[in-house]
Amino acid sequence: MKFHVWIIGVLLLMAVGAAAGCRRRGETAKADLLQAAYDTEADWTDAQRVIRLSYQQTQGKRIFYQQCVWCHADATPAGPSNRSNLTPAPPLLNDGTTLNAESDEYMQNIVTLGGAAMGKSAMMPPYGRMLSTDEIRSVIAFARAIAQPPYQSAARAGSQYSVK
């Protein structure tokens, strides 16, 4: 009698194991990739695409939505941005066509020193006293992560402008 119970138990375990192996592998892989990310951001040009963000990129996202979204996005969490009221209109943060050509050093300098110091719009204030160097690098990392077309690290070699 005990032998029959034991055989039935083994068969049930085998059936459960076989059923677990029948799930779709593609769905699991996509979910695993998103779970490996620290955070995500919906692609601004394709709402169906989700961009995985590292910890540094997530910190940049947080700062962007606090400080930069008002001028470097078309919409904000509170509604429309102020971008359409500015002349010249600042580039969108995901504008890879414009920003991919700029070096990290140049982007760090424009955020640190402000637009006027870099020959751009005086409407962009200098954030060098408000944000740390690491925070500014995080914003740049976020911009690189969401860039469309995607950012390729072999951008312009460097900038003639440098902060010492």
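Everything here concerns the structure above.
To keep things clear, this report deals only with the structure shown in the data block. (Residues numbered from 1 in each chain as written. Predicted model: local features only at pLDDT ≥ 70, side-chain atom pairs only at ≥ 80, totals over all residues. Heavy atoms only, no water.)

Focus on helix H3 (residues 55–72)
- Compared with an ideal rise of 1.5 Å per residue, which puts 18 residues at 26 Å, H3 spans 21 Å between its outermost C-alpha atoms and falls more than 12% short.
- Inspection of H3 places Gln57, Thr58, Gln59, Gly60, Lys61, Ile63, Phe64, Cys68, Val69 and His72 among the buried residues, and these make up the whole buried set.
- Where H3 is buried, its residues contact strand E1 (39–42), strand E2 (50–53), strand E3 (75–76) and helix H6 (133–146). (Helix = DSSP H or I, 4+ residues; strand = E, 2+ residues; numbered from the N terminus. Expected span 1.5 Å × (residues − 1). Buried < 20%, exposed > 50% of the residue type's maximum accessible area, 1.4 Å probe, protein only. Contact = heavy atoms within 4.5 Å.)

Structural notes on the environment of Met123
- Mapped onto the elements of the fold, Met123 is located in the loop between helix H5 (104–113) and H6.
- Under the relative-accessibility criterion, Met123 is labelled exposed at 59%.
- Along the primary structure Met123 and Cys71 are separated by 52 residues, whereas in three dimensions their C-alpha atoms are 9.6 Å apart.

Brief notes about the pattern of salt bridges
- This structure, assessed with the given rule, holds six salt bridges.
- Salt-bridge contacts for Asp39 lead to Lys61; the nearest nitrogen and oxygen are separated by 3.2 Å. One end of the pair, Asp39, is in strand E1; the other, Lys61, is in helix H3, with 22 residues separating them in the sequence.
- Relative accessible area serves as the criterion here: at 26%, Asp39 is assigned to the partly exposed category. (Salt bridge = Lys/Arg side-chain N within 4 Å of Asp/Glu carboxyl O.)

Description of H6
- Here H6 spans 20 Å end to end across 14 residues, near enough to the 20 Å set by a 1.5 Å rise per residue.
- Extensive coverage of H6 is indicated by the burial of ten of its 14 residues.

Re the packing of H3 against H6
- For the pair H3 and H6, interaxial distance at closest approach is 7 Å and the crossing angle is 100 degrees. On the basis of the axis angle, H3 is roughly perpendicular to H6. Of H6, the residues touching H3 (which contributes Gln56, Gln57, Gln59, Gly60, Lys61, Arg62, Ile63, Phe64 and Tyr65) are Glu135, Arg137, Ser138, Val139, Ala141, Phe142 and Ala145.
- Residues of the contact of H3 with H6, tallied by class, amount to seven nonpolar, five polar and four charged. (Axes fitted to C-alpha atoms, helices over the stretch in contact; angles between N-to-C directions. Parallel < 35°, antiparallel > 145°, perpendicular 65-115°, else oblique. Nonpolar A, V, L, I, M, F, W, Y, C, P; charged D, E, K, R; others polar.)

Here's the deal with the packing of H5 against H6
- Contact geometry for H5 and H6: axes closest at 10 Å, N-to-C directions at 125 degrees. Here H6 runs oblique to H5, going by the angle between their axes. The two elements H5 and H6 cross, and the hand of that crossing is right-handed. Mapping the contact onto sequence places Asp104, Met107, Gln108, Val111 and Thr112 in H5 and Thr133, Ile136, Arg137, Ile140, Ala143 and Arg144 in H6.
- Residue composition of the contact of H5 with H6, by class: five nonpolar, three polar and three charged. (Left-handed = near helix turned anticlockwise from the far one by under 90°.)

With respect to the state of the cysteines
- Counting across every chain of the model gives zero disulfides.
- For the unlinked cysteine Cys68, the closest cysteine sulfur is that of Cys71, found at 8.7 Å.
- With relative accessibility at 25%, the residue Cys71 sits in the partly exposed group. (Disulfide = S-S within 2.5 Å.)

Here we look at the pairing of E2
- Alternating residues of E2 divide into Ile51 and Leu53, all buried, and Val50 and Arg52, none buried.
- Where E1 meets E2, four bridges bridge the pair, whose relative direction is antiparallel. Paired with Asp39 across the bridge in E2 is Leu53. (Pairing = 2+ DSSP bridges.)

In short, geometric facts, not functional conclusions.
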